[in-house]
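Next come the chains, spelled out residue by residue.
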Amino acid sequence: MKFKVDNHDVYASTGGRPFDKNKPLIIFVHGSGLTHMTWVLQTRYFAFHGYTCLALDMPGHGLSEGESLKSIEDMADWISRVIDAVDYKEASLVGHSQGCLVTIECSARYPEKIKTLSLMGGAGAIPMNPELLELAENNDPKAVDLMMDWAHGPAGHFGGHPVPGLYHINTGGMLAKSRTIKDTLGVDFRACDNYKNGFEAAKKIKIPTLSILATGDKMCPVKEGRKLADLIEGSRVDIIDNCGHMMLLEEADRVLKVLKEFIVTNYPST
Amino acid sequence: MSDKEKKVTSPKTYKFDTLSLHAGYQPHKNAGSRQVPIYQTTSYLFDDVDHAAALFNLERGGHIYSRISNPTVAVLEERVASLEGGTAALATSSGMSAIFLAVMTLCEAGDHLVVSSQLYGGTVNLFRLTLPKFGIKCTFVKPRDTEGFKKAIQENTKGIFGELVGNPGNELMNMPEIAKIAHEAGIPLMVDATYQTPYLCKPFEHGADIVIHSLTKWMAGHGSSMAGILVEGGKFDWMQNDKFPTMTKPYEGYHGLSFAEEFGPTAFTMKARAEGMRDFGPCLSPQNAWNVLQGIETLSVRMKKHCSNAEEMVKYLSNHESVAWVSHPSVPDHPDHDLAKKLLPNGRGSMIAFGIKGGKDAGVAFINNVKLASHLANVGDTRTLVIHPASGTHSQMDEATLKFAGLSHDMIRLSVGIEDIDDIKNDFEIGFRAARKPRLVSNQ
């Protein structure tokens, strides 16, 4: 569906079911340079099981208008305005990678609005490899190729997509190349690199929080994810073996199972 | 740049030969089986009712019924997608069913396609005679007539289709230019790349949007199994215009799902599977998928030998007194020689067309007398194959269509195998001797 935020069209997948204001809202926030499509194996389940889902395309990404937002703080405020724009008072947030930084910051800034927080491949800070950052800001497609390499675990490099016939690495690469690289990935990487408030924001979070981490994650290693989770009161951690940063695709069923248990328990649909 | 710096900037994603052996398969999820298991089953247990509903609603990945998907077939699909540089693939029971499925995923009654005139005879008949029965009309354009493709596009045109190297005349279509024409018109380019395999050409790098293979040929390579596949490039924007409502608008068959919105770079494959495999059912058997996987493991090794043997045969035929003409993109005076060098850098393929002096009678005598080369209606076997298209693969065409497709009665189509090159040449000498004296030696 499309709706307006800051006078720009925002696109969000509703997981194949109509947007329904009578159901609890879950907002999914994608990682650097990606789009709503990374969430297809999570959103459709919740949409068919009593929730209203919005898997967002961040401004300037996917099918959303506008320019990419330049800081994690701006993105966090924008998420809050999304909740207002669809006329909800509260939502549950799910983030992946950069989306974790955004949702952590949003949860800290708007505690009255955010009811649960689910982090996948998250960390308190995501400093960028300088070479990768430079490639992305120079619009070099090699940035996407490197990201796809580092984002997939050893098993993920062979494929084995849960949806028959789909090939992870090329699909992810195509998503990241669907708009101008420097305007999406380049801006996002710079925003991640600049963001320093993750650990402080984490300390303020008092809502049920889940961190899903993966042993083969090179971009946000388990150690970094745990460091973040330790700062969030009562945070639950789930670690997936033999999986990389793209756990939401590489181990979609496992991720869905853990996410389902967490959200249904802590943010039940009536 | 130092080696250390290069190490940082080079992605370590697996390369072609490695993907040929490994892509799409994880042994640790299959009881540690090093070889891809053959899942010889029609259907798959649901954990519970909720799991069943989730699979039917496309909420999660998995298998329901082998007409729609099968784990062995899925490995093949992912492997070919990886080799082509595509986002997704869908395997079918034959190359023809892959073409039909691609067209039916793209078009509705009242739509139109622009199609290269130089195609496998069965494909010509599909576009010329069968698709009009579904209300889909086609305009044929000669493959080298790049401007002709542009002129043939109509308001209701939904795509351009062609074989990169036409069967059997070996005329190339200028894929990068024709892709530009298609994209300017907001329609996709579909390319049958059976002759090339991804080892010789990756059409997505030259603008194609959908690639189709008869896997029966070089990909499987051993003449044992029928199979086809369609592969999606993932770049085509289905939402750029209103030409593809079945991709972009809510689809009644899946709770109002919009394939383009929900699946983006894999939308075409998802629709082809969810709708086409469900409703038409041209599924590939797991045994045949496994056979094709065995072939793909040695694809690059075989293609090198196919191509080197073909180039030897081109030299041999070009200098032979019994041969009137030779068509192969490696020949310097072939009209598409330069284009072939650009599009087919790893080799120009192993399909040769040549004219035999003495016309049809000589051609018949040649084919009836070669012993090593097999006379049959296939290409891309490890063994050398020959046929006389005008009386075989393209025999259902009338005289005018044959001429428009660039076929002549003296033409012999040669699919060069990987036997010892001297043995192939010696065999051809027997055929040529018979062709020079058709009445004395012919066994007819």
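Residues numbered from 1 in each chain as written. Chains lettered and ligands numbered in written order. Predicted model: local features only at pLDDT ≥ 70, side-chain atom pairs only at ≥ 80, totals over all residues.

Quick look at the domain arrangement of chain B
Residues and elements named next belong to chain B. According to the domain assignment, chain B consists of domain 1 (16-295) and domain 2 (300-441). Placing the centre of domain 1 and that of domain 2 at their C-alpha centroids yields a distance of 29 Å. Those elements that place two or more of their residues in the side of domain 1 that touches domain 2 are helix H2 (16-22), helix H6 (121-130) and helix H9 (197-200). Its residues assigned to classes, the side of domain 1 that touches domain 2 shows 14 nonpolar, 14 polar and four charged. (Domains from an automatic or database assignment. Helix = DSSP H or I, 4+ residues; strand = E, 2+ residues; numbered from the N terminus. Nonpolar A, V, L, I, M, F, W, Y, C, P; charged D, E, K, R; others polar.)

So, the sheet that holds strand S9 (residues 351-356) of chain B
Residues and elements named next belong to chain B. The strand order across the open sheet built from five strands is S8-S9-S12-S11-S10, with neighbouring strands paired in mixed fashion. Since the sheet does not close on itself, it has two edges, and those belong to strand S8 (323-327) and strand S10 (374-375), each with one partner. Examined bridge by bridge, strand S11 (residues 385-387) and strand S12 (residues 411-415) share three bridges and lie antiparallel to one another. Looking at the pairing, Val386 lines up with Leu414 of S12. (Pairing = 2+ DSSP bridges.)

A few points about the packing of helix H16 (residues 359-369) of chain B against helix H18 (residues 421-436) of chain B
Residues and elements named next belong to chain B. Relative to each other, H16 and H18 sit at 145 degrees, their axes nearing to 7 Å. As H16 runs across H18, the sense of the crossing is right-handed. Residue-level inspection shows Ala362, Ala365, Phe366 and Asn369 of H16 in contact with H18, the latter providing Ile430, Gly431, Phe432, Ala434 and Ala435. Looking at the contact of H16 with H18, its residues break down into seven nonpolar, two polar and no charged. (Axes fitted to C-alpha atoms, helices over the stretch in contact; angles between N-to-C directions. Left-handed = near helix turned anticlockwise from the far one by under 90°. Contact = placed C-beta atoms within 7 Å.)

Remarks on the interface of chain A and chain B
Residue-level contacts link 35 residues of chain A with 44 residues of chain B. Elements with a contribution of two residues or more to the side of chain A that touches chain B: helix H1 (40-47), helix H5 (142-151), helix H6 (168-176) and helix H11 (252-266) of chain A. When grouped by side-chain class, the residues that make up the side of chain A that touches chain B number 19 nonpolar, ten polar and six charged.

A look at the sheet that holds strand S4 (residues 52-56) of chain A
Residue and element names in this part refer to chain A. With mixed pairing, the eight strands of this open sheet are ordered in space as S1-S2-S4-S3-S5-S6-S7-S8. Single-partner strands in this sheet number two, and they are strand S1 (2-5) and strand S8 (236-240). Averaged over all pairs of adjacent strands, the angle between their axes in this sheet comes to 25 degrees, without regard to strand direction. Direction of pairing for S1 relative to strand S2 (residues 8-13): antiparallel, over a ladder of four bridges. Paired with Val5 across the strands is His8, a residue of S2.

A short note on the environment of Gly234(A)
Inspection of the secondary structure puts Gly234(A) in the loop between helix H9 (222-231) and S8. Each C-alpha atom, one on Gly234(A) and one on Thr184(A), is 34 Å from the other, the two residues being 50 residues apart in sequence.

Observations regarding the environment of Ser69(B)
Residues and elements named next belong to chain B. Residue position: Ser69 is located in the loop between helix H3 (49-56) and helix H4 (71-84). Assessed through the 23 C-beta atoms surrounding it within 10 Å, Ser69 is described here as buried. Each C-alpha atom of the pair Ser69 and Met277 lies 8.5 Å from the other, and the pair is 208 residues apart in sequence. (Buried ≥ 20, exposed ≤ 12 C-beta atoms within 10 Å, placed from the backbone.)

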